[in-house]
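Here's the letter readout for the chains.
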Amino acid sequence: MPVPAAARFTGAYVVLTDDKRIYDLLVLTNQLLDPGERLADRVCALRDQSEGVLVIYGTDAEALAAADIAVAVPDAPDAEAFWSADLVCADGLEDAWRIPRAVPAARIVSVRSVQPALAGSVVERCSPSSGRSAASSTP
């Protein structure tokens, strides 16, 4: 499955860089990066708009460092290591589609994880303060 198709499945907004090799994928994108625009600048602009940004790229260490989730896809076995990447797909884009497909499940887990914490905060807020008894607070 192409990575843009997996991303669109999640409802993500897909931006691709301008590259002849991806023209058959343009139908799956929302926007093409403007010629001359740096990917890192677009990532920062999206983050400034409070968007979560996943970057899957092989050669732009600055864009990977700016992303919320960075997946490096080395273009050669001896390619430079990107230390800012959260994940590295050693076999190119072959398995990278799995990452955007995991986003909906991650959202559900995130929401479910927050609910018990919020409930605990409410219970703690509604209960008497620890260390003080109700009898000691009356005049």
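Residues numbered from 1 in each chain as written. Predicted model: local features only at pLDDT ≥ 70, side-chain atom pairs only at ≥ 80, totals over all residues. Heavy atoms only, no water.

Enquirer: Summarise the overall build of the protein; cite the residues concerned and give the values.
Expert: In terms of regular secondary structure, the protein is built from 5 helices and 5 strands. Seen in sequence order, the protein has helices and strands lined up from the N terminus as α-β-β-α-β-α-β-β-α-α. Counting across all 139 residues of the protein, residues that qualify as buried make up 26%. Partitioning the intrachain contacts of the protein with sequence separation of at least 6 by distance along the chain shows that 23% fall at a separation of at least 24. A total accessible area of about 9700 Å² is found for the protein, and carbon and sulfur atoms account for 56% of it. (Helix = DSSP H or I, 4+ residues; strand = E, 2+ residues; numbered from the N terminus. Buried < 20%, exposed > 50% of the residue type's maximum accessible area, 1.4 Å probe, protein only. Contact = heavy atoms within 4.5 Å. Areas by Shrake-Rupley, 256 points an atom, 1.4 Å probe, with all protein chains shown as cover.)

Enquirer: Give a description of the sheet that holds strand S4 (residues 69–72) that names residues and reports values.
Expert: The sheet built from 3 strands is open, its strands ordered S3-S4-S5 with parallel pairing. Unpaired on one side and paired on the other, strand S3 (54–57) and strand S5 (87–88) mark the two borders of the sheet. Direction of pairing for S3 relative to S4: parallel, over a ladder of 4 bridges. The residue bridging Tyr57 from the neighbouring strand is Ala72, located in S4. (Pairing = 2+ DSSP bridges.)

Enquirer: Mind laying out helix H2 (residues 39–48), listing which residues take part and the relevant values?
Expert: Residues of H2 that are buried include every one of Leu39, Ala40, Arg42, Val43 and Leu46, and no others. All buried residues of H2 project into a common sector of 160° when viewed along the axis, lining one side. Lining the buried residues of H2 we find strand S1 (15–16), strand S2 (31–32), S3 and helix H3 (61–66). Two residues or fewer past H2, Ser50 is found with a positive phi of approximately 65°. (Arc of directions from axis to C-beta.)

Enquirer: Any chance you could break down unusual backbone geometry for me, citing the residues and the numbers?
Expert: Notably, Ser50 is not glycine yet its phi reads approximately 65°, a positive angle. By relative accessible area, which is 70% here, Ser50 ends up exposed.

Enquirer: Run through the side chain of Asp60, naming residues and quoting values.
Expert: Along the chain, Asp60 falls in the loop between S3 and H3. No salt bridge is formed by the buried Asp60. Its closest oppositely charged neighbour is Arg38, at 6.2 Å. Side-chain polar atoms of Asp60 contact the backbone nitrogen of Ala63, separated by 3.0 Å. For Asp60, the residues in contact, after removing those within four places along its chain, are Leu39, Ala40 and Phe82. (Lys, Arg positive; Asp, Glu negative; His and termini not counted. Salt bridge = Lys/Arg side-chain N within 4 Å of Asp/Glu carboxyl O. Polar contact = N/O pair within 3.5 Å; in protein donor to acceptor, adjacent residues only side chain to side chain.)

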